[in-house]
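Residue-level structure breakdown
Next come the chains, spelled out residue by residue.
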Amino acid sequence: MTSKTIAKYALCALAMGLAMFGAARAQAQNLVIGGKNFTEQLLLSDMTAQYLRAKGYDTELKNGLGTTLMRSALESGQLDIVWDYTGTALIVYNHIEDKLDPDQIYQKVKELDAPRGLTWLNQSELNNTYAFAMPRELAEKYQIHSLQDLAKRINEDDSEGNKPHLMGVDYEFASRPDGLGPMQALYGFKLDRSEVKQMDPGLVYTALKNEQLFVGLTYASDGRIKGFDLQLLEDDKGYFAAYKATPVVRQDILEKNPELAGQLNELAAKIDTATMTELNKRVDIDQEPVAKVAADFLKQAGLI
C-alpha cells in the first residue's frame, strides 16, 4: 500500500470518527432540567437528571424555582424538560375553571401547549391534588373515610350541639372562588367562621399531628401524610381537579433526541402517588438527601 493510499484511508477514518463524535454529541447534548421549590419537585427533577445521565445525555439541573418562573423559563427556552401538574396548567397557566375529569384535563393542557412548542408526554399516576386529612385515630374513631362521611359527621354533631370541628386551611383556599365555600356547598355542610383556622400550609400538618385540628387541607402526596400517620379522605364527589405529574418537554428538544420521549415515558410509568409519598417522607421526615433518595428509587425501579 502506498503512502498516498495510507494517507487517504487515514483521512477517511478521521472523517468517520468526527462524524461519529458529532452524532454522539447530538445524543449527549446538554439537557437543562427544571424543577420547582418543594420536595417532590426537587426529587422529580433530580431523578430525571440522574436517569438521563445514565442514558448518555449531559444534564444540567436548575431546580428550586417558583411555579410561574419555571413555566416562563420553559417557554423562553431556558429549560428543556420539567415535571408539571395537569391541574396547575389548566387553572394557573390557562385560567380554565371548568370541571373536567383527569383525562379531559390532560388532553386540554396538551392541546393548549402544542402551539407553544411544548409537549406533554404520558402522565404518571402521581396525583398531587388538594386533599383533606385527619389524624388517623380520629378518623377511625368516627369512621370517617371520605368527605361525604365528614359532612355527615359534622351535620349530625351540629344537630346535637356538639361543636366545634376545627378545620385548618391555607389563607388562599379559605377565600378563593373554587375553595372552601363551594366545597362545603357541594358536600352539604357549613362550618362557622370560628371553626375555620387559616394558617401556613406547613402548620396544618403539625396541628393535625398534635390533634389540634379535626381536619385539615393537605396535598395528596406530601410525605407528612405518612410520616405523621394521617388519614386522607376520599374526594368522592370529585371536587378537586386532578394534578397529575407529567414530563413536559420542548418540542424542538424531542425532535433532536428521538429516543427521549420513550425514555421519559418509561420513567413516568414507574411513579405513582404512594411511591412519591414514601420518597417525600424519606426527605422531609427521615432527613435523607434528595440525590440519594432519587438514586435509590431509580435503582429499585430498574431504571439505572
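Remember, predicted model here, so these are calculated numbers, not experimental data.

1. Observations regarding the overall build of the chain
- Looking only at helices and strands, the chain has 15 helices and ten strands in total.
- With respect to the principal axes defined by its C-alpha atoms, the chain has extents near 105 × 40 × 25 Å.
- Long-range pairs, those at least 24 residues apart, make up 77% of the contacts in the chain between residues at least 6 apart in sequence.
- In the chain, which carries 33 positive and 43 negative side-chain charges, the distance between the mean positions of the two groups comes to 6 Å.

2. Observations regarding unusual backbone geometry
- One non-glycine residue, Gln143, adopts positive backbone phi at about 55 degrees.
- Along the chain, Gln143 turns up in the loop between helix 6 (136–141) and helix 7 (147–159).
- Taking the relative accessible area as the measure of exposure, Gln143 reaches 52% and is therefore exposed.
- For Gln287, which is not a glycine, the phi torsion comes out positive at approximately 60 degrees.
- Looking at Gln287, the relative accessible area reads 62%, which means it is exposed.

3. A look at the nonpolar core
- Formed by 78 residues in total, the largest nonpolar core has its most connected members in Met47, Phe132 and Leu260.
- Considering every element that reaches this core, the biggest residue donor is helix 2 (residues 39–54), with six residues.

4. Some details on the sheet that holds strand 7 (residues 196–198)
- Pairing in this open sheet of five strands is mixed, and the strands run 7-6-8-5-9 from one edge to the other. Two strands bound the open sheet, and with one partner strand each, they are strand 7 and strand 9 (230–233). Here the average twist between neighbouring strands, direction ignored, is 35 degrees.
- Alignment of strand 6 (residues 167–169) against strand 7, held across three bridges, turns out to be parallel. When the bridges of strand 7 are listed, Val169 appears paired with Gln198.
- The strands touched by helix 10 (residues 201–209) are strand 5 (130–135), strand 6, strand 8 (215–219) and strand 9; relative to strand 8, the strand with the most contacts, the crossing angle is about 135 degrees.

5. Description of the side chain of Thr218
- With respect to the element layout, Thr218 can be found in strand 8.
- Assessed through its relative accessible area of 0%, Thr218 is described here as buried.
- Setting aside residues up to four positions removed in sequence, Thr218 forms contacts with Thr129, Tyr130, Ala131, Phe132, Ala133, Tyr205, Leu208, Ile225 and Leu232.

6. Structural notes on helix 13 (residues 260–268)
- Of all the positions in helix 13, only Leu260, Gln263, Leu264, Asn265, Leu267 and Ala268 are classed as buried.
- Elements in contact with the buried residues of helix 13: strand 1 (30–36), helix 2, strand 3 (81–85), strand 10 (245–250), helix 12 (251–256) and helix 15 (290–300).

7. Describing the UniProt feature "domain: ABC-type glycine betaine transport system substrate-binding" (unreviewed entry) in the chain
- The UniProt record annotates "domain: ABC-type glycine betaine transport system substrate-binding" (unreviewed entry) at residues 30–300.
- Taken end to end, residues 30–300 is 48% helix and 18% strand, and its two terminal C-alpha atoms sit 26 Å from one another.

8. Considerations on the packing of helix 2 against helix 13
- Remark: helix 2 packs on helix 13, axes separated minimally by 11 Å, with the N-to-C direction vectors making an angle of 130 degrees. Classified by the angle between their axes, helix 2 and helix 13 sit oblique to one another. Where helix 2 crosses over helix 13, the two elements pack in a sense that is right-handed. Here Met47, Thr48, Tyr51 and Leu52 of helix 2 come into contact with helix 13, specifically with Leu260, Gln263, Leu264, Glu266 and Leu267.
- Its residues assigned to classes, the contact of helix 2 with helix 13 comprises six nonpolar, two polar and one charged.

9. A look at the layout of surface pockets
- Taken as a whole, the largest pocket holds about 820 Å³ of empty space.
- Taken together, 31 residues line the largest pocket, and the ones lying closest to its centre are Phe38, Thr67, Thr88, Tyr130 and Tyr219.
- Secondary-structure elements contributing two or more residues to the lining of the largest pocket are helix 2, helix 4 (86–93), helix 10, helix 11 (223–227) and helix 14 (273–284).
- Residues that form the lining of the largest pocket fall into these classes: ten nonpolar, eleven polar and ten charged.
- Considering only enclosed or pocket space, the second largest pocket measures out at about 480 Å³ in volume.
- By residue class, the composition of the lining of the second largest pocket is 19 nonpolar, three polar and eight charged.

How each quantity is defined
- Numbers given for residues are sequential positions, taken from 1 along each chain in its written order.
- Reporting of local features is limited, given that this is a predicted model, to residues whose pLDDT is at least 70; pairs of side-chain atoms are given and counted only at 80 or more, and all residues count toward the totals for whole chains, interfaces and linings.
- Working from all heavy atoms in the structure, the side-chain values ignore hydrogens and water.
- Numbering of helices and strands runs from the N terminus; a helix is a DSSP stretch of H or I covering at least four residues, while a strand is a stretch of E covering at least two.
- The contact rule is simple, with two residues in contact once any of their heavy atoms fall within 4.5 Å.
- Positive charges come from Lys and Arg alone, negative charges from Asp and Glu alone, with His and the N- and C-terminal ends not counted.
- Every charge is mapped to an atom, namely NZ of Lys, CZ of Arg, CG of Asp or CD of Glu.
- Three labels apply to residues, based on accessible area from a 1.4 Å probe with only protein chains included: buried if under 20% of the type maximum, exposed if over 50%, partly exposed otherwise in between.
- By convention a nonpolar core is built from buried Ala, Val, Leu, Ile, Met, Phe, Trp, Tyr and Cys residues, the set being connected through side-chain atoms within 4.5 Å.
- Here a strand pair is declared whenever DSSP counts at least two bridges between the two strands.
- A fitted line through C-alpha atoms serves as each axis, taken over the contacting stretch for helices, and the angle formed by two N-to-C directions is quoted from 0 to 180°.
- UniProt positions are given in the numbering used here, feature names are shortened, and annotations may be inferred rather than shown by experiment.
- Note that the term roughly parallel is reserved for angles under 35 degrees, roughly antiparallel for angles over 145, roughly perpendicular for angles of 65 to 115, and oblique for everything else.
- Definitions for this section: a left-handed crossing has its near helix turned counterclockwise from the far helix by less than a right angle. A right-handed crossing has that turn clockwise.
- Residues are grouped as follows: Ala, Val, Leu, Ile, Met, Phe, Trp, Tyr, Cys and Pro are nonpolar; Asp, Glu, Lys and Arg are charged; every other residue, Gly included, is polar.
- Cavity means a closed set of points on a 1 Å grid over the protein atoms alone, one where a 1.4 Å probe fits but cannot get out, pocket means an open set with protein on both sides within 12 Å along at least 5 of 7 lines, and lining means a residue has an atom within 4 Å of a point.
- Grid points are joined across faces, edges and corners, and a volume is the space filled by probe spheres set on the points.

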